[in-house]
2 protein chains.
Amino acid sequence: MRAEIVSIGTELLMGETVDTNSTYLATELAKLGVDLRWVTKVGDDPGRLFEALERAWTRSDVTLTSGGLGPTSDDLTRESIAQVFGEEMTVQDEMLKHLRGLFAGRGTPMPETNVKQATLIPSAEAIPNPIGTAPGWWAEKNGHVIVAMPGPPREIQRMWSYEVAPRLKAMNPDVAIVTRTLKTFGISEGGLDEMLTPLFKSENPLLGIYSKQDGIHLRAIATAPTEDEARRLIVPMEREIRRAVGDDAIWGEDDDTPESMTAAVLGQRGLTLGIMESFTGGLLASNLAEVEGSRGFLLGSAVVYRDELLEGHGVDAGLIEEFGPVHERVAEDMARAARKLFDADVGLAVTGIANSPGPDSQGQRAGVAIGTTWVGFATKDGVGSIPGSYPSSRLRIRSRAVTHALLGLIRFLSD
Amino acid sequence: MRAEIVSIGTELLMGETVDTNSTYLATELAKLGVDLRWVTKVGDDPGRLFEALERAWTRSDVTLTSGGLGPTSDDLTRESIAQVFGEEMTVQDEMLKHLRGLFAGRGTPMPETNVKQATLIPSAEAIPNPIGTAPGWWAEKNGHVIVAMPGPPREIQRMWSYEVAPRLKAMNPDVAIVTRTLKTFGISEGGLDEMLTPLFKSENPLLGIYSKQDGIHLRAIATAPTEDEARRLIVPMEREIRRAVGDDAIWGEDDDTPESMTAAVLGQRGLTLGIMESFTGGLLASNLAEVEGSRGFLLGSAVVYRDELLEGHGVDAGLIEEFGPVHERVAEDMARAARKLFDADVGLAVTGIANSPGPDSQGQRAGVAIGTTWVGFATKDGVGSIPGSYPSSRLRIRSRAVTHALLGLIRFLSD
């Protein structure tokens, strides 16, 4: 089944608004084993919209559109589909009644411009949109389908999951897709590419490599008549990846994140966590705070953005004086101090320098390379640390250090 | 001048990778007054790539492509342009020498597959790419231009700013575009829409409204033969927006962010800042830490993720007992405690509850609505606070609270 996406709306062509819907739909189509071949963004221009939809309907089995279902004169998706199919839009009594009811429920009269949201053409059915106003259209003619969905991401995602995906799956019943993602950290994209060269030649499963903030993801997609057969296709590829890359570099699978893995490890052992961070500026705690259930283990973080304040937070001034603030002994002592400050089971600390020495630089700091970090860990049984060094650019280094710190903590607690 | 964008790469159609380049280029084209009409994503398939580029070259004055300039057999942008123009690719000695030099500098031999990155066709010139490997192509034939740029965002943005935009501007000399963005917080999109209805009808300047994390942005774009004339067109629209919306709701302009505004205010007055945050989990400090020069004013943040630990950080236990942790008096005391903890000139605190009461809820907390926050401020002259209440969804509330806290701080310090 060949598909294409048409994202409709002049705001998508003006910059400012990112077209997240097509990325969402692309990921979803991959899961359904549908071959996405084209993605087009087009403005609210009747001529170009007609051209885009007509071309799509002709060359693809399924065309998914987002946007243009509002009530204004700029919303032209229905009109364009009607024109492509050569059919007339007519108001549907039931749909109109439902729409008027929605507005009554909101306590305002329905503007007459909204009437067009209650129309259909003979070849289209309405797709319910309970969390928005405009219903979608499932329009089918000559064996080709155009599915028109609303622009707001929440609405299109719900409509997709509840109404459209099941229907497309039923149209494509003898195809099952299984995806397996292995997440790595510590080996470069080029290095992984070399280790796995033969696997990249495979057509089924297909292996993709994606560079992300939390490392390099290896994603295998297998297509087969049933899910079991697809899963069986993945097994040898996964085994070979693990053999070639090594378990040390593979830190997670599928939807795992460094944060969710940390939460799982701490949760399993019933451990609480206290953090001390300097240049990461609160990003480490903030990332952990986003995990569901973080209140179960995260006690807090002392974000000490200036090294001279470390002592006031319980860090041994003698160590800082002797080694400078970016050193394994200091990282370990920061972790110990964090553990004490929050009365936690585990202490985690990140020190380091993200940019050139500032006005408050000391001798040792001036000698430390940009991007150097030490991560410290502390439990009741002792302390530990690991070094790290990251690429330039402020936010990248912070994000990298956070990932590295969490993966390091998981390993430290597991050993 | 009519333009279109073709983003090339199968990974863009598989989900997983967001096409940020087309949004970047769309914003940039709007600044140049170039009419962007089409944006297409296409995979590394020779047939479809040829179709997309041929159609684009024919119907648009300028086609911008991103991706497909690498050395592998999947990188087909040059080959496709050559096919569209009906010309042959030939290796250019100077370009090859430069490429080999790049690899020598990295200490590795150049793989022979990279040779194609040293090719041109008669109708193309090379566009330098000093921060990457592959040069771009400026290919011009029959009065239409195809500009082929690399996929990695850093590389395409540099190439655009330094090489491509100036050249396109020179091709479009009698058009000047001036953009003016006013950033608001506190009024809904619907409310602003109503206040400014007549302005949205204007074609030049054109007014756009964009809902962002830090509020609602109102962006006016004016087109005229010269920049001065374009700027003069904006003046009455800006005046009317300020009159209708009111200066209280407008917190910034153009590239301002709540973080940059906070940094400016604190920097101007030579003030240092200490923070205490609970449910925002470190996001407030982390956002401020990203601002250039944050080391000049940000001392640190006590991220106290559990209310029972507030007392250990210097907050008056009696207040918490009497009012519960989410209250203006507690927010003010947290700000005072933060100021003291870090020996700062200014203390900023955010308390509040982002989600349903957890296992550690107290009586008062159970009575507080989801999304309620108090923001506290402290200086040597006293304390202050403001309430806030935000939409659901964990990250939204945190982000919203951070924006609100910073804008509140700026106002508190200015009064």
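Keep in mind it's a predicted model, so treat the numbers as computed, not measured.

Novice: Which parts of the structure should I look at to understand the overall build of chain A?
Specialist: Check the secondary structure of chain A and you find 14 helices and 17 strands. Computed over its C-alpha atoms, the radius of gyration of chain A comes to 27 Å, more than 25% above the 22 Å expected for a compact globule of 415 residues. Taking the principal axes of the C-alpha coordinates as reference, chain A spans close to 85 × 55 × 40 Å. Across the 415 residues that make up chain A, the buried fraction comes to 55%. Summarising the internal contacts of chain A: among those between residues at least 6 apart in sequence, 68% fall at separations of at least 24. Across chain A, the 41 positively charged side chains and the 58 negatively charged ones have centroids separated by 1 Å.

Novice: Looking at this structure, I do not really get the packing of aromatic side chains. What am I missing?
Specialist: Within a pair of aromatic rings, the relevant descriptors are the distance that separates the centres and the angle that separates the planes. Residues and elements named next belong to chain A. For the structure shown, the criterion picks out 4 aromatic pairs over all chains. Ring centres 4.8 Å apart and planes at 40 degrees place the aromatic pair W57 and F85 in the tilted group. Taken together, the residues W57 in helix α2 (residues 46-59) and F85 in helix α3 (residues 77-85) connect sequence positions 28 residues apart. In this structure W57 comes out as buried when scored by relative accessible area, which is 12%. The exposure class of F85 is buried, given its relative accessible area of 5%. With 4.9 Å between their ring centres and 25 degrees between their planes, F377 and F412 make a pair best called stacked.

Novice: Would you explain the sheet that holds strand β15 (residues 346-350) of chain A in this entry?
Specialist: Strand pairing within a sheet occurs via backbone hydrogen bonds; the two strands may be parallel or antiparallel. Reading across from one edge, β17(A)-β16(A)-β15(A)-β13(A)-β14(A)-β14(B)-β13(B)-β15(B)-β16(B)-β17(B) is the order of the 10 strands in this open sheet, with mixed pairing throughout. Both edges of this open sheet fall to β17 (382-389) of chain A together with β17 (382-389) of chain B, since each of them pairs with a single strand only. Neighbour to neighbour, the strand axes of the sheet diverge by 15 degrees on average, direction disregarded. Sheet topology note: the strand β16 (residues 372-379) of chain A/β17(A) ladder contains 8 bridges and is antiparallel. If you follow G376(A) over to β17(A), its bridge partner there is S385(A). Its contacts with the sheet place helix α12 (residues 328-341) of chain A against β13 (273-277), β14 (298-304), β15, β16 and β17 of chain A, and it is angled at close to 45 degrees to β16(A).

Novice: Honestly, the relation of the copies chain A and chain B in this entry has me stumped. Any pointers?
Specialist: Here the two chain copies are tied together by a rotation about an axis and a shift along that axis. The operation relating chain A to chain B is a screw motion whose rotation component is 180 degrees, with 0.6 Å of axial translation and a residual RMSD of 0.7 Å. Seen this way, the second copy is the image of the first under a two-fold rotation axis. By residue overlap, the copies meet face to face through one surface: 100% of the interface positions of chain A are interface positions in chain B.

Novice: I would appreciate a short explanation of helix α9 (residues 258-269) of chain A in the present structure.
Specialist: Residues and elements named next belong to chain A. If you check α9, its first and last C-alpha atoms are 17 Å apart, about what 12 residues at 1.5 Å a residue would give, namely 16 Å. Residues of α9 that are buried: P258, E259, T262, A263, V265 and L266. Along the long axis of α9, the arc covered by the buried residues comes to 165 degrees, so they all point the same way. Phi for G270, located one or two positions after α9, is positive at around 60 degrees.

Novice: Sorry, what's going on with the domain arrangement of chain A here?
Specialist: Where the parts come together, the accessible area they lose is often given as the size of the interface. Residue and element names in this part refer to chain A. Along its sequence, chain A is carved into domain 1 (2-171), domain 2 (176-253) and domain 3 (258-414). Distance between the C-alpha centres of domain 2 and domain 3: 31 Å. Residue-level contacts link 8 residues of domain 2 with 9 residues of domain 3. Taken together, both faces of the contact between domain 2 and domain 3 bury some 800 Å²; the carbon and sulfur share is 59%. It is F185, Q213 and W251 that lose the most area in domain 2 upon contact with domain 3, and together they represent 73% of the buried surface on that side. For the pair domain 2 and domain 3, the number of links is 0 salt bridges. Remark: the boundary between domain 2 and domain 3 carries 1 residue pair in polar contact (both at pLDDT 80 or more). In terms of residue class, the side of domain 2 that touches domain 3 is built from 2 nonpolar, 3 polar and 3 charged.

What counts, and where the lines are drawn
Along each chain, residue indices are assigned from 1 in the same order as the chain's sequence is written. Here every chain gets a letter starting at A, and every ligand a number starting at 1, in the order they are written. Residue-level local features of this predicted model are given only where pLDDT is at least 70; pairs of side-chain atoms are given and counted only at 80 or more, and the full residue set underlies all totals for whole chains, interfaces and linings. Hydrogens and water are ignored here; the side-chain numbers use all heavy atoms of the structure. For the purposes of this entry, the term helix denotes a DSSP run of H or I that reaches at least four residues, the term strand denotes a run of E that reaches at least two, and both are numbered from the N terminus. For this measure, only C-alpha atoms enter the radius of gyration; the expected value for a globule follows 2.2 Å times N^0.38, where N is the number of residues. Burial status follows relative accessibility: with a 1.4 Å probe on protein chains alone, a residue under 20% of its type maximum counts as buried, one over 50% as exposed, and anything between as partly exposed. Note on contacts: a residue pair qualifies if any of its non-hydrogen atoms lie within 4.5 Å across the two residues. For the charge count, each Lys or Arg is scored as positive and each Asp or Glu as negative, with His and the chain ends excluded. A charge is said to be at NZ when it belongs to Lys, at CZ for Arg, at CG for Asp and at CD for Glu. For this analysis, a ring pair means two rings from Phe, Tyr or Trp (six-membered ring only for Trp) whose centres lie within 6.5 Å, classed as stacked if their planes differ by under 30 degrees, edge-to-face if by over 60, and tilted for the remaining angles. A pair of strands is labelled paired if DSSP reports no fewer than 2 bridges between them. Comment: axis = line fitted to C-alpha atoms, over the contacting stretch for helices; angle = value between 0 and 180 degrees taken between N-to-C directions. In this comparison the copies share one frame, found by least squares on the C-alpha atoms of residues holding pLDDT of at least 70 in both. Here the expected length of a helix is defined as 1.5 Å per residue gap, with one fewer gap than residues. Read the arc as the range of directions from the helix axis to the C-beta atoms. Domain start and stop points were drawn from an automatic or database domain assignment. The term buried area denotes the loss of accessible surface (1.4 Å probe radius) that occurs when two parts are joined, taken as the sum for both partners. For salt bridges, the criterion is a side-chain nitrogen of Lys or Arg within 4 Å of an Asp or Glu carboxyl oxygen. Counting of polar contacts relies on pairs of N or O atoms within 3.5 Å, with two restrictions inside protein: one atom must be capable of donating a hydrogen and the other of accepting it, and residues adjacent in sequence are counted only when both atoms are side-chain atoms. Charged means Asp, Glu, Lys or Arg here, nonpolar means Ala, Val, Leu, Ile, Met, Phe, Trp, Tyr, Cys or Pro, and polar covers whatever is left, Gly included.

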